[in-house]
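Summary of the model geometry
Each chain, letter by letter, is given below.
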Amino acid sequence: MTTGDRNSTDTTAGGFGGEDFAGRIGRTMAGSQNDWPMPPTPPAGAPNIVFVLVDDVGFSDIGCFGSEINTPHLDRLAAEGVRFTNFHVNPMCSPTRASLLTGLNAHAAGMGHIAQDDPGFPGYRAEIATNVATAAEILRGAGYATMMVGKWHLCRDADMSSGGPQHGWPCQRGFDRYYGILEAFTNLHQPHRLVKDNHVVEIDRFPDDYFLTDDLTEKAIRMIRDRAASRPGQPFFLYMAHPAAHAPLVAKAADIARYRDAYDGGWDEIRISRHARQLELGIIPPGTPLPPRNSEPGDDVQAWDDLTDDERTVYARYMAVYAAMVDEIDQSVGRLREALEETGEWDNTILVFLSDNGASREGESTGTTNYFGHLGFGDVVDRVAKDLARLDEIGGPTTMTHYPRGWAMASNTPFRMYKRNTHAGGHQVPCVWSWPKGLSGSAGEIRTQYGHCIDVLPTVLALARIETPTERNGAPLKAMNGASMVGVLHDAHHGEVREEQYYEMEGHRGFYRDGWEVVTNRRPRTKFTDADWELYDLRTDPTETEDLAAAHPERVAEMSAAFHEAAVANQVYPLDEGSGWRWLARPPKDDVFHEPVTIWAGTPTLERIRSGSLVWQRTCVVTADFVHASGDEGVVVSHGDQGGGYTLEVEAAELWFVHNDGHGSTQRNSAGPLTPGDHRVTLTLGGPGGGRWIVSVAVDGEQRLTDLDRTMLWPMAPFTGISIGIDRGSPVDWQRYARSGPFPYTGRLRSVRYEPGDLAPDAGARFVDFVRDIGARYE
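Residues numbered from 1 in each chain as written. Predicted model: local features only at pLDDT ≥ 70, side-chain atom pairs only at ≥ 80, totals over all residues. Heavy atoms only, no water.

Thoughts on the confidence of the model for the protein chain
In plain terms, the rule: pLDDT is defined as a per-residue confidence score from the predictor, taking values between 0 and 100. Residue contacts are defined here by distance: any two heavy atoms, one from each residue, within 4.5 Å place the two residues in contact.
Across the protein chain, pLDDT averages 92, with 94% of residues at or above 70. The low-confidence segment residues 376–381, where pLDDT is below 50, has 12 contacts with residues more than four positions distant or belonging to other chains.

A few points about the packing of aromatic side chains
Rules: By convention, a stacked pair of Phe, Tyr or Trp rings (six-membered ring in the case of Trp) has centres within 6.5 Å and planes under 30 degrees apart, an edge-to-face pair has planes over 60 apart, and any other such pair is tilted. Comment: elements are numbered from the N terminus, with helices defined as DSSP H or I runs of at least four residues and strands as E runs of at least two. For every residue, the accessible area obtained with a 1.4 Å probe (protein chains only) is divided by the maximum for its type, and the residue is called buried under 20%, exposed over 50%, and partly exposed between those limits. A positively charged side chain is recorded as over a ring if its NZ (Lys) or CZ (Arg) lies within 6 Å of the ring centre. The angle to the ring normal must also be within 35 degrees.
The full count for this structure, using the stated rule, is 24 aromatic pairs. Ring geometry for Tyr450 versus Tyr512: centroids 3.8 Å apart, planes at 15°, classification stacked. Of the two residues, Tyr450 is situated in the loop between strand E11 (445–447) and strand E12 (451–452) and Tyr512 in strand E16 (residues 508–513); the sequence distance between them amounts to 62 residues. Taking relative accessible area as the criterion, Tyr450 reaches 3% and is therefore assigned buried. Here the aromatic residues Tyr263, Trp267, Trp304, Tyr315, Tyr318 and Trp407 are joined through ring pairs into a cluster of three or more. Here the guanidinium or amino end of Lys219 rests over the ring plane of Tyr179, the centre of that ring lying 4.5 Å away.

Focus: the nonpolar core
Quick note on the threshold: Residues enter a nonpolar core if they are buried and are Ala, Val, Leu, Ile, Met, Phe, Trp, Tyr or Cys, with the set joined through side-chain atoms within 4.5 Å.
Counting 185 residues, the largest nonpolar core has Phe237, Trp433 and Tyr754 as its most contacted members. The dominant element in this core, judged by the number of residues it contributes, is helix H8 (residues 309–342), at 17 residues. Among residues more than four places away in sequence, those in contact with Tyr754 are Pro596, Val597, Ile599, Leu614, Val615, Cys620, Val621, Val622, Val637, His639, Tyr646 and Ile722. Membership of the second largest hydrophobic core comes to 17 residues, among which are Tyr124, Phe511, Trp533 and Leu548.

Comments concerning the packing of helix H2 (residues 72–80) against H8
The axes of two packed helices give the description: the angle between them and the distance between them. Worth spelling out the cut-off: Interaxial angle, 0 to 180 degrees, is taken between N-to-C directions of lines fitted to C-alpha atoms, where a helix line uses only the stretch in contact. The cut-offs work like this: below 35 degrees is roughly parallel, past 145 is roughly antiparallel, 65 to 115 is roughly perpendicular, and the gaps in between are oblique. All amino acids are sorted into three groups, where Ala, Val, Leu, Ile, Met, Phe, Trp, Tyr, Cys and Pro are nonpolar, Asp, Glu, Lys and Arg are charged, and the leftover types, Gly among them, are polar.
In the contact formed by H2 and H8, the axes pass within 7 Å of each other and the chain directions differ by 60°. One way to sum up the angle between H2 and H8 is to call them oblique. Contacts between H2 and H8 involve Pro72, His73, Leu74, Arg76, Leu77 and Glu80 from the former and Asp330, Gln331, Val333, Gly334, Arg337 and Glu341 from the latter. Within the contact of H2 with H8, the residues separate by chemical class into 4 nonpolar, 3 polar and 5 charged.

So, the state of the cysteines
Note the cut-off: Only a pair of cysteine sulfur atoms within 2.5 Å counts as a disulfide in this structure description.
The final tally for this structure, using the stated rule, is 0 disulfides. Unpaired in this structure, Cys93 has its nearest cysteine sulfur neighbour in Cys453, at a distance of 12 Å.

Some words on the side chain of Asp55
Threshold: N or O atoms closer than or at 3.5 Å make up a polar contact, with two conditions inside protein: a donor-capable atom paired with an acceptor-capable one, and, for residues adjacent in sequence, both atoms drawn from side chains.
Within the secondary structure, Asp55 is located in the loop between strand E1 (48–54) and H2. For Asp55, a relative accessible area of 0% puts it in the buried group. A polar atom in the side chain of Asp55 sits 3.1 Å from the side chain of Arg97. Here Asp55 is in contact with Arg97, Lys151, Ala184, His242, Pro243, Ala244, Ala245, His246, Ser355 and Asp356, once residues within four sequence places are set aside.

Considerations on unusual backbone geometry
The omega torsion of the bond from Gly164 to Pro165 falls at 5°, within 30 degrees of zero and hence cis. For Pro165, the position within the fold is in the loop between strand E4 (145–151) and strand E5 (177–181). Of note, the amide linkage connecting Ala247 to Pro248 takes the cis form, showing an omega dihedral of 0°. Topologically, Pro248 is positioned in the loop between strand E8 (236–241) and helix H6 (253–257). The backbone of Gln571 sits at a positive phi, close to 65°, despite the residue not being glycine. If you trace the backbone, Gln571 turns up in the loop between helix H16 (553–569) and helix H17 (581–584).

Description of the pattern of salt bridges
For clarity, the cut-off: Salt bridges are defined as contacts in which a side-chain nitrogen from Lys or Arg sits within 4 Å of a carboxyl oxygen from Asp or Glu.
In this structure the tally under the stated criterion is 61 salt bridges. For the salt bridge of Lys419 with Asp56, the shortest nitrogen-to-oxygen distance reads 3.2 Å. Placement of Lys419 in the loop between helix H11 (405–411) and helix H12 (424–427) and of Asp56 in the loop between E1 and H2 is noted, with a sequence separation of 363 residues between them. When its relative accessible area of 2% is taken as the criterion, Lys419 is described as buried. Since its relative accessible area comes to 1%, Asp56 is described here as buried. Shared partners join several salt bridges into a network, and the residues in it are Asp118, Arg125, Arg156, Asp157, Asp159, Arg586 and Asp590.

Observations regarding the sheet that holds E4
Put simply, the rule is: A pair of strands is labelled paired if DSSP reports no fewer than 2 bridges between them.
Strand order in this open sheet of 10 strands is E7-E6-E5-E4-E8-E1-E9-E10-E2-E11, and the pairing throughout is mixed. Of all the strands in the sheet, just strand E7 (199–201) and E11 have a single pairing partner and so form its edges. Sheet twist, expressed as the mean angle between neighbouring strand axes with direction ignored, is 15°. For E4 and E5, the ladder comprises 5 bridges, and the chain directions are parallel. Within E5, the residue paired with Val149 across the bridge is Tyr179.

Let's talk about the sheet that holds strand E21 (residues 634–641)
Strands pair in a sheet through their backbones, by hydrogen bonds, and they do so in one of two ways: parallel or antiparallel. In space, the 5 strands of this open sheet follow the order E24-E23-E22-E21-E28, with antiparallel pairing throughout. Where the open sheet ends on each side, the last strands, each with one partner, are strand E24 (666–673) and strand E28 (722–724). For this sheet, the mean angle separating the axes of adjacent strands, direction not counted, is 10°. Relative to E28, E21 runs antiparallel, the two being bridged by 3 bridges. Residue pairing for E28: His639 is matched across the bridge by Ile722.

Topic: the side chain of Arg498
Along the chain, the position of Arg498 falls in the loop between helix H15 (486–490) and strand E15 (500–505). Judged by relative accessible area, Arg498 falls into the buried class, the value being 8%. Within the local environment of Arg498, its side chain forms a polar contact with the side chain of Asp455, the two groups lying 2.7 Å apart. Reaching out from Arg498, the side chain makes a polar contact with the side chain of Gln501 at a distance of 3.4 Å. In this structure Arg498 touches Tyr450, His452, Ile454, Asp455, Asn481, Gly482, Ala483 and Tyr512, once residues within four positions along its chain are discounted.

Some details on empty space enclosed by the protein
To keep it simple, the criterion reads: Both cavities and pockets are sets of points on a 1 Å grid over the protein atoms alone; in a cavity a 1.4 Å probe fits but cannot get out, in a pocket the set is open with protein on both sides within 12 Å along at least five of seven lines, and lining residues sit with an atom within 4 Å of a point. Grid points are joined across faces, edges and corners, and a volume is the space filled by probe spheres set on the points.
All told, the structure shown has 7 cavities of 30 Å³ or more when counted by the stated rule. Quantified by volume, the largest cavity comes out at close to 190 Å³. Around the largest cavity, the lining comprises 15 residues; the ones closest to its centre are His192, Val201, Ile203, Thr605 and Arg728. Partitioning the lining of the largest cavity into residue classes produces 7 nonpolar, 5 polar and 3 charged.

Re helix H7 (residues 267–281)
Rules: Expected span, for any helix, means 1.5 Å times one less than how many residues it has.
The end-to-end C-alpha separation of H7 is 21 Å, in line with the 21 Å expected for 15 residues at 1.5 Å each. Looking at the buried side of H7, the elements it contacts are H8 and H11. Two residues or fewer past H7, Gly282 is found with a positive phi of approximately 80°.

Following this line, the structure appears as structure tokens:
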């Protein structure tokens with residue numbers, strides 16, 4: 001018989017039956033067991049690791065650092081763990097996030113500024129570099145489950161859409177699971193865009209009691225429990241990056257009510273009481289003076305007693321909302337701890353709590369209920385009168401609040417200046433370490449040694465006995481700039497582990513060495529010179545009250561040279577001269593966002609940057625094609641939310657153009673009746689300049705509305721992207737939302753086409769070269 005005959009009973013080599021074949025297979029399988037690929041195995045007894053990073057929370061904003069805000073859970077962590085009172089970060093959010101997750105100085109990691117600009121220089125690429133490893137990548141490689149909830153803000157803004165590219169998203173940088181927002185901030189009542197892992201979460205309407213801080217906490221706990229049930233015993237790394245307490249300031253009504261009268265005395269009184277409490281707690285050295293109110297031009301704060309009664313009423317409400325946000329962060333920490341205690345995992349969990357920078361001065365001198373307008377865009381008129389008229393709304397879903405910088409000054413007590421500055425108020429933050437199993441001998445202690453966020457990752461890797469990798473995807477990695485603080489954690493008398501550190505943000509410079517510091521308060525569009533440096537001996541003057549530059553010019557020169565050396569080594573140059581060019585320059589690959597686009601029925605809400613690029617500072621023609629039947633109603637196209645936006649919608653058999661200026665004013669203009677049939681509606685947003693739109697609406701070629709003068713919304717608003725056939729999430733028109741919710745269109749909508757036209761005469765994109773030339777004068 002021939003080999004392979006189906007009737008063959010041959011059991012020799014080449015046969016298909018018999019014991020010899022079975023034996024051979026059995027021996028082969030048995031022999032291969034040791035060749036099975038095994039997942040990475042973490043060290044025995046490896047601790048869980050949790051980073052809780054909060055946003056724009058000042059040095060004195062939690063109880064154990066001097067605050068009157070109710071933070072019992074954080075205070076308990078401090079009582080059972082270790083507080084660092086001389087701990088520093090970078091003066092802005094994205095850079096700190098990059099440093100915390102990589103152990104590198106921010107510029108060296110490619111993240112010298114925020115993710116909203118990419119001027120093309122290695123230190124400012126708006127994403128973490130490919131030759132840098134993140135904590136999630138390192139820990140996943142060591143066998144940890146890795147999960148994140150909250151604010152990412154470490155990928156280019158133009159990469160946040162569903163079209164990506166997604167190489168800079170959390171799951172591509174080492175996280176197994178992710179839930180949160182990819183960019184800088186959102187409305188916590190009705191987030192503009194939530195992402196789960198690598199896809200957008202589609203939500204037409206949030207429950208009335210929805211709040212993002214609670215949602216993130218619940219998602220984190222679910223992730224932890226899912227991991228525990230799926231692979232028992234596997235340690236986890238959780239990066240919990242709260243968007244709170246970044247503006248817009250919003251909170252739950254019950255939490256705001258708790259602070260209703262707490263701030264009637266004003267920021268000067270709060271500063272004094274917090275300073276006294278800090279001295280009592282030992283947070284600052286005995287005899288440390290409270291500096292006078294910030295008085296530098298553009299950074300100055302008015303005396304509370306010099307404000308009008310109306311101003312004091314509104315400003316106290318702003319701060320009550322902020323306090324409620326901090327309180328809600330504390331509640332989140334308490335819920336997370338309770339969940340870990342319930343599963344028996346708390347004792348072997350290292351938790352590091354810190355803020356990403358000092359408190360924010362972005363509310364400037366007066367604060368606002370329209371954060372987008374207060375960033376410098378949109379109309380800003382009669383602000384206090386308007387806010388007073390809707391005082392009880394402040395902190396709710398209809399407002400985008402921020403407080404005046406006087407409250408930021410109080411939050412940063414006892415330090416001077418704010419977020420963005422390289423003075424201590426910009427980068428000295430509260431930091432608490434907790435690890436019941438490993439730090440019980442140091443419970444309640446304070447550490448005064450100088451620490452920086454680049455030191456956190458090397459420290460937790462050392463505590464977990466995990467080696468730092470030298471390669472990523474086969475290519476060499478940059479070595480970490482951070483140093484392990486393990487010795488400091490265990491010994492209050494341990495020597496300093498960080499003797500030097502540079503700072504840079506938007507041209508503000510700073511350099512620390514052995515207790516001394518040089519620092520500048522940069523004035524935009526002025527020359528960079530050594531005459532800008534201030535000099536402080538932080539060993540005797542931690543609040544930077546006595547400038548010694550004139551008395552020690554040789555030390556200033558030495559430390560200025562050291563800053564330059566560090567700047568070269570860390571890709572800090574070129575410095576931002578303040579022309580604004582970095583905000584205008586966009587890489588050529590972003591040009592695609594200015595091309596016409598047709599949005600077909602059923603398309604999810606477009607991302608904010610992708611949507612805004614179609615209408616910001618330019619003319620745009622929006623054409624909607626749909627079939628309308630008698631009785632059909634709903635939103636045809638919506639772009640924006642309570643922070644500003646516009647819609648075309650059909651209600652009561654009429655077509656309406658709706659415009660929300662973001663300052664509490666929503667105007668509805670009827671474009672007349674809409675008869676049953678096939679229709680083409682054209683909305684023209686004319687861009688004549690001056691921050692205005694001239695709006696017209698035509699139905700099947702017939703002009704129905706002309707020459708409507710409206711505020712042009714840009715670039716932070718409209719914040720929610722374009723939806724067709726519905727007004728998702730935070731609505732453009734709150735009164736209509738109260739009647740009809742997201743108001744989906746009941747007719748047959750085919751498509752909506754956006755055709756961007758000419759730039760407005762004063763559009764920033766027209767002046768890129770001009771602004772670059774201005775900046776060159778101040779190099």
